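So you can see what is in the structure, the chains are spelled out below.
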Amino acid sequence: RERKRARDNNVTLERNIVVNCTLCGGSKSLSTSKTSNSNLMKHLQKQHASTKLVEKEPEGNVGDSSSVDTIPAKQRKLDFGQPAAQSITQPQLHRLIARYVVEDMKPISTVESHAFRQLISHIPVRGRAGKAPSRKTFSSFLDQEYANMESELKNTLDMVEYISTTADIWTVHNKSFLGVTAHWINAQNMKREKAALACRRFMGRHTYDSIASELDNINSSHGLSFKITSTVTDNGSNFVKAFKVYQPPPQSDDSEYEEDEVTFVSIGDVLQNGADDADDAISLPPHQRCASHTMNLISCTDVEKWLLSEAATKTIYRSATTKCAGLWNKASHSTVAAEIVEDIITKKLLVPCTTKWNSFYYALERISKIPLVELNTISSTLQLKCFNEREHQCIREYCAVMKPLTVALNILQGEDQCFYGTLLPTLESLMTKTLAIKNVKTRFAHVLGSEDALLAAVTLPKFKLRWLHDQARKDLAKARLLVECRKLLPEQDQLQPGTSATNTTQHPGSSKEDEFFSFEENEDIYATAEGEVAEYLKSGATGLDSLNHFPMIKKLSLKLNATTPSSAPVERLFSLGNLILTPKRNKLSDHKFEKLLLLRYNFSLISSLTCTRTTTLPF
């Protein structure tokens, strides 16, 4: 037994080592294992918990035999905690606060909130704790950011050659605002870009001359009077008349050959009639009617008019829609009715809204998908008239017939990937899928015969000539595209293929004569245009960036497809405005409201509110 105890002691001595604690003055000896330092850690935690420990470098070389008995280091644990916060400057903190208030459309009084100021105080700022600005200081800061945004927007628009705009009037809280948005295609990356130009208070009656004056003022203040290819509005009579009356007079080709007549007038008469001539100075760009609004008129007004004109459909359609209206009225005005509907079909009924396109279709579609038994259970529970099989079938057939119109309307009210060239292919596809061909041709007569709409569709790689089914129309579209490309050739500064450098060297006395008799050069130019058009139509690429390989077609597409087929963008501007101009913020001035709205809509253009203005922020 003694021999076994001695053997166990020898094994223990081989596995353990004895160390002295230097923090205890060297008087404390501790025994620990060579493969674990848990015993030593327990001692340090109990006796020296308040002492900051620093790892000491081992003495001796790695190959020294004296380091064999040292304690092997434990593998360090990975720290997944948050890194130490980096400090920022006070202007950077102000920009972060401005970004939060503008992007989330918070009131300016947010900076005065005690909870918000307490939150900001925990953000480390160089030299001191973070401090939120006062409301007055922050308001002045937003005014400066708005001025920076306006300057950057004007610089951006100055570099754009072709721009289109959308305009509309919005009435809310007994106030009217005129909104204008700008749209263009970036020539570098061939992507659609947008910006809000104004959302100004519109005082007085919405007459055509007042609208024209305000639109001309907005366009000229941004330097866009001669850059706008077209302005898209709804079919309101005041907008239509404004653009009809204040269109610039057509330029006559014979004007350069007419002799100018000199007329002498009194300077007093000029000063007296200056106010009268102000209206004559107003000039508006070409006008385009909103395709989505026109399509909505077909899907609602024209279709309903046809249904009510036929005796076979009038009775059943009115009966079905009347019962649907009763369900919508109950479910939207009674919480008990809404709970009954949700308990039976586990969904809510969609209620039509006159200001939302396709809302009537989606409301009927929701009812058509409810089984007739459950639909009548809801009606009887709410003490309404039940649907019969014919009425339910009428609703289903209505949704099936109206689906192509709904899809077309959703396509046309797009923004980022929808161009003016999308309009004609959409109408062509719609007329092959629906029986409302007569209504489409009547409502869109000005578009179906438009050469600009045809060229806009052909210059989109997504469509080219594929949407045209008649070979004669394909040949006509190709010929018109070739004519427009030839018009752009004299603007090219570079030598065209097939034109030698010797041909461009002219003698001073014969330059005009040689240019007049330059038959071979004209043939080379036409061959170049025909070659580019042929290569473009033969190309299988469908992305808009493929136009970089066809400079003449690209220039034509940038001009024609800058226009949006719908005025939906300005409606989305008003939707943002409705989130800012809430009833609780009724004291917000008109000018301050416009600044906050434009800052929010043009957020991508505000470099001062992004994290890359001077340096990368740590948030």
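Residues numbered from 1 in each chain as written. Predicted model: local features only at pLDDT ≥ 70, side-chain atom pairs only at ≥ 80, totals over all residues. Heavy atoms only, no water.

An unreviewed UniProt entry lists the protein under the name HAT C-terminal dimerisation domain-containing protein, with Oreochromis niloticus given as the organism.

A. Spotlight on the overall build of the protein. On a plain count of helices and strands, the protein comes out with 26 helices and nine strands. Out of the 619 residues in the protein, the part that is buried amounts to 40%. When the accessible surface of the protein is summed, it comes to about 37,500 Å², and 52% of that surface belongs to carbon and sulfur atoms. (Helix = DSSP H or I, 4+ residues; strand = E, 2+ residues; numbered from the N terminus. Buried < 20%, exposed > 50% of the residue type's maximum accessible area, 1.4 Å probe, protein only. Areas by Shrake-Rupley, 256 points an atom, 1.4 Å probe, with all protein chains shown as cover.)

B. Just the packing of aromatic side chains, in detail. Throughout the structure, instances matching the rule amount to eleven aromatic pairs. Seen from their ring centres, W328 and F360 are 6.0 Å apart, and the 75° between their planes marks the pair as edge-to-face. Here the residue W328 occupies a position in helix α11 (residues 311-333), and F360 occupies one in helix α13 (residues 359-368), the gap between them amounting to 32 residues. Classification of F360 by relative accessible area gives partly exposed; the value is 23%. An angle of 75° between the planes, with centres 5.5 Å apart, marks the rings of Y536 and F550 as edge-to-face. Highlighted residues: Y536 in helix α23 (residues 519-538) and F550 in the loop between α23 and α24 (551-560), separated in sequence by 14 residues. In terms of burial, Y536 and F550 fall into one category: buried. Here K323 stacks its cationic end above the ring of F387, 5.9 Å away from the centre of that ring. (Phe/Tyr/Trp six-rings, centres within 6.5 Å; stacked < 30°, edge-to-face > 60°. Lys NZ or Arg CZ within 6 Å of the ring centre and 35° of its normal.)

C. Broad picture of the environment of D216. Within the fold, D216 resides in helix α6 (residues 208-221). A relative accessible area of 17% means that D216 is categorised as buried. When the C-alpha atoms of D216 and L284 are compared, they prove to be 6.3 Å apart, with 68 residues separating the residues in sequence. When sequence neighbours within four positions are dropped, the list of residues in contact with D216 reads I282, S283 and L284. (Contact = heavy atoms within 4.5 Å.)

D. Up close: the pattern of salt bridges. For the coordinates displayed, the defined rule picks out 17 salt bridges. Between R572 and E415 there is a salt bridge, with the nearest N and O atoms lying 3.1 Å from each other. Of the two residues, R572 is situated in helix α25 (residues 568-580) and E415 in the loop between α15 (389-412) and α16 (423-433); the sequence distance between them amounts to 157 residues. On the basis of relative accessibility, which here comes to 34%, the residue R572 falls in the partly exposed class. (Salt bridge = Lys/Arg side-chain N within 4 Å of Asp/Glu carboxyl O.)

E. Structural detail: the sheet that holds strand β8 (residues 228-233). Judged by pairing direction, the sheet is mixed, and its five strands sit side by side in the order β7-β6-β5-β8-β9 without closing on themselves. Two strands lie at the open edges of the sheet, namely β7 (192-201) and β9 (287-289), each paired on one side alone. Here the strands of the sheet are splayed against their neighbours by 25° on average, with no regard to which way each runs. Pairing of strand β5 (residues 163-172) with strand β6 (residues 175-185) involves nine bridges; the strand directions are antiparallel. Among the inter-strand pairings, I169 is bridged to a residue of β6, identified as L178. Across the face of the sheet, helix α5 (residues 135-158) comes into contact with β5, β6 and β7 while running at roughly 130° to β7. (Pairing = 2+ DSSP bridges. Axes fitted to C-alpha atoms, helices over the stretch in contact; angles between N-to-C directions.)

F. The arrangement of the side chain of T406 in detail. Tracing the sequence through the fold places T406 in helix α15. Judged by relative accessible area, T406 falls into the buried class, the value being 4%. Beyond its immediate stretch of four places on either side in the chain, T406 contacts N358, Y361 and Y362.

G. Highlighting unusual backbone geometry. The backbone of M105 shows a phi angle near 55°, a positive value even though the residue is not glycine. Looking at the secondary structure, you find M105 in the loop between α3 (90-103) and α4 (114-121). Look at H173: it is not a glycine, yet its phi comes out positive at around 55°. Tracing the sequence through the fold places H173 in the loop between β5 and β6. The exposure class of H173 is partly exposed, given its relative accessible area of 44%.

H. Molecular detail of the nonpolar core. Counting residues in each nonpolar core, the largest one holds 78 residues, and the members touching the most others are M295, L349, I395, L423, F444 and L481. At eight residues, the largest contribution of residues to this core is made by α15. Among all residues touching I395, those that are not within four sequence positions of it are A320, C324, L364, I367, S368 and F387. Of all hydrophobic cores here, the second largest spans 39 residues; its members include A98, M105, F177 and L581. (Core = buried A, V, L, I, M, F, W, Y, C linked by side-chain atoms within 4.5 Å.)

I. Expanded view of helix α7 (residues 237-245). Among the residues making up α7, those that are buried are N238, F239, V240, A242 and F243. Looking at the buried residues of α7, the elements they touch are β5, β6, α6, β8 and β9.

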